Amino acid sequence: DDGKLSLEEFQAFFSDGTLNEEELEKLFHTIDSDNTNNVDTKELCDYFADHMGDYEDVLASLEMLNLSILKAMDYTKRVYESGSNVDQFVTRFLLKETANQTQSLLSSVESAVDAIDEQTNPTRHYPSKDGHGLSDTWYDNSVPSYSPSTWMVPREQGKSFQAGSPDTKAEGLEGQINRLAKLIGKLEDKTLWFDLHQRLSDSESTACTYLLLVRNEMTVSHKHLGEFCSSLKQYLKSVAGERDCFHVTAVKLPDGVTFIIYEFWETEEDWKRHLQSATCKGFQHVKVDTLSQPEAISSVAVPAAWCTLSRE
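Residues numbered from 1 in each chain as written. Predicted model: local features only at pLDDT ≥ 70, side-chain atom pairs only at ≥ 80, totals over all residues. Heavy atoms only, no water.

The name given to the chain in an unreviewed UniProt entry is NECA2 protein, with the source organism recorded as Quiscalus mexicanus.

### Examining the sheet that holds strand S5 (residues 258-265)
With respect to topology, four strands assemble into an open sheet ordered S4-S5-S3-S6, the strand pairing being antiparallel. The outermost strands of the open sheet, each flanked by one partner alone, are strand S4 (245-252) and strand S6 (296-303). For this sheet, the mean angle separating the axes of adjacent strands, direction not counted, is 15°. Bridge analysis of S4 against S5 gives seven bridges, and the strand direction is antiparallel. For Thr249, the partnering residue across the bridge sits in S5 and is Tyr262. Here helix H9 (residues 268-275) sits on the sheet in contact with strand S3 (210-219), S5 and S6, set at roughly 125° to S5. (Pairing = 2+ DSSP bridges. Helix = DSSP H or I, 4+ residues; strand = E, 2+ residues; numbered from the N terminus. Axes fitted to C-alpha atoms, helices over the stretch in contact; angles between N-to-C directions. Contact = heavy atoms within 4.5 Å.)

### Here's the deal with the nonpolar core
Met218, Phe228, Ile261, Trp265 and Phe283 are the most contacted members of the largest nonpolar core, which has 16 residues in total. Put simply, the parts of the chain that give this core at least two residues each are S3, helix H8 (225-240), S4 and S5. Element by element, the count of residues in this core is highest for H8, at four residues. (Core = buried A, V, L, I, M, F, W, Y, C linked by side-chain atoms within 4.5 Å. Buried < 20%, exposed > 50% of the residue type's maximum accessible area, 1.4 Å probe, protein only.)

### Observations regarding a nonpolar patch on the surface
Taken together, Tyr55, Val58, Leu59, Leu62 and Leu65 make up a surface patch of nonpolar side chains, about 470 Å² in accessible area. For Leu62, a relative accessible area of 46% puts it in the partly exposed group. (Patch = residues over 30% accessible without salt bridge, like charges linked within 9 Å, V, L, I, M, F, W, Y side chains within 5 Å. Areas by Shrake-Rupley, 256 points an atom, 1.4 Å probe, with all protein chains shown as cover. Salt bridge = Lys/Arg side-chain N within 4 Å of Asp/Glu carboxyl O.)

### Focus on the packing of helix H1 (residues 7-14) against helix H2 (residues 21-31)
Between H1 and H2, the shortest axis-to-axis distance is 10 Å and the interhelical angle comes to 120°. The angle between H1 and H2 places the two elements in the oblique class. Relative to H2, the crossing made by H1 is right-handed. Seen from H1, the contacting residues are Leu7, Phe10, Gln11 and Phe14; seen from H2, they are Glu21, Leu24, Glu25, Leu27, Phe28 and Ile31. Of the residues in the contact of H1 with H2, the class split is seven nonpolar, one polar and two charged. (Parallel < 35°, antiparallel > 145°, perpendicular 65-115°, else oblique. Left-handed = near helix turned anticlockwise from the far one by under 90°. Nonpolar A, V, L, I, M, F, W, Y, C, P; charged D, E, K, R; others polar.)

### Some points on the packing of H8 against helix H10 (residues 278-290)
Running from amino to carboxyl end, H8 crosses H10 at an angle of 165°, the nearest separation of the two axes being 10 Å. Viewed along their axes, H8 and H10 adopt a mutual orientation that is roughly antiparallel. Classified by chirality, the crossing of H10 by H8 is left-handed. Every residue of H10 that contacts H8 at Glu227, Phe228, Ser231, Leu232, Tyr235 and Ser238 is listed here: Thr279, Cys280, Phe283, Val286, Lys287 and Thr290. Partitioning the contact of H8 with H10 into residue classes produces six nonpolar, four polar and two charged.

### As for the side chain of Lys287
Relative to the helices and strands, Lys287 resides in helix H10. When sequence neighbours within four positions are dropped, the list of residues in contact with Lys287 reads Asn216, Met218, Phe228 and Glu295.

### Notes on the environment of His247
Take His247: it is sitting in strand S4. For the pair His247 and Leu236, spaced 11 residues apart in the sequence, the C-alpha separation amounts to 9.8 Å.

### Things to note about a negative patch on the surface
A surface patch of negative charge is lined by Asp1, Asp2, Glu8 and Glu9. Within the secondary structure layout, Asp2 lies in the segment before strand S1 (4-5). (Lys, Arg positive; Asp, Glu negative; His and termini not counted. Charge placed at Lys NZ, Arg CZ, Asp CG, Glu CD.)

### Focus on the confidence of the model for the chain
On average, residues of the chain score 75 in pLDDT, and 69% of them reach the 70 mark or higher. Element-level pLDDT for the chain is lowest in helix H7 (residues 196-202), with a mean of 45, against a maximum mean of 93 in S5. Here residues 125-170 is modelled with pLDDT under 50, and outside its nearest four sequence neighbours on either side it reaches 63 contacts, counting other chains as well. Confidence drops under pLDDT 50 across residues 188-207; counting only partners more than four residues distant or on other chains, this segment forms 33 contacts. (pLDDT = per-residue confidence, 0-100.)

### So, the packing of aromatic side chains
Applying the stated criterion across every chain, the model contains eight aromatic pairs. Note on Phe10 and Phe28: the rings are 5.4 Å apart at their centroids and 65° apart in plane angle, and the pair reads as edge-to-face. Of this pair, Phe10 sits in helix H1 while Phe28 sits in helix H2, and the two are 18 residues apart along the sequence. Each member of the pair Phe10 and Phe28 is classed as buried. What links up through ring pairs into an aromatic cluster is the set Phe10, Phe13, Phe14, Phe28, Tyr47 and Phe48. (Phe/Tyr/Trp six-rings, centres within 6.5 Å; stacked < 30°, edge-to-face > 60°.)

Have a look at this one:
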């Protein structure tokens, strides 16, 4: 968390069987252009930027895709509930098609990664070959399996599984679901699983079937980025411990200075009460000094049943 990599950290992260320990150390000193025995973010980016080739266009496209999807999700949130049945039908189709196309792209890239890994370590077993996730060299976070819902199933699932007994096909489907769960886990710094619907049902007041989702988008000035991130971590830790906040998370957009906080509150009154707390006011003071433009806050009521997951 100090913004740079020591030789030991560099070797631990990049050791994938392609380069041996001596070669990794030589590469480390090559990337460490200012000879500080630490590789900082700029040095790492400069090195890979010189070797991108065709991947430069790919990564640029992915950045634009990420922004486009976020924009589309925000549009869906604003218009779906008030739309007609036909409008909702069209929106759901477009959303599912986006998920299918994205999954197809991921499957192609993962197949290439598996092939390269297997070529590098031919004697090693790769779980993803039978549909249970990628090599644990890069991602070893445990993600619990959960029951499939219709939108998670590949559009042409028949092509994803080899012919065989019903048990074989069932195992293949389970593998696909676990694979998707792993992908979700890799897209976030951490994944929190919780049974929110059950928690609401067990409470004294079962009338609360909706939650207030608050979205706060902030753009930080580059020179205050470190101060903001430190304060943001403290804020998230504090809010996560509040009784009326069911879940809080933050994401950083590809531009490196735009952050979005998502908070789930039991009622709007609970959220407004939180705004008067010392935690919120302290973070607000930091935002006044660090943001380059006014923050954008929006909220929407979401059915609690949408948030049902398994807490482990």
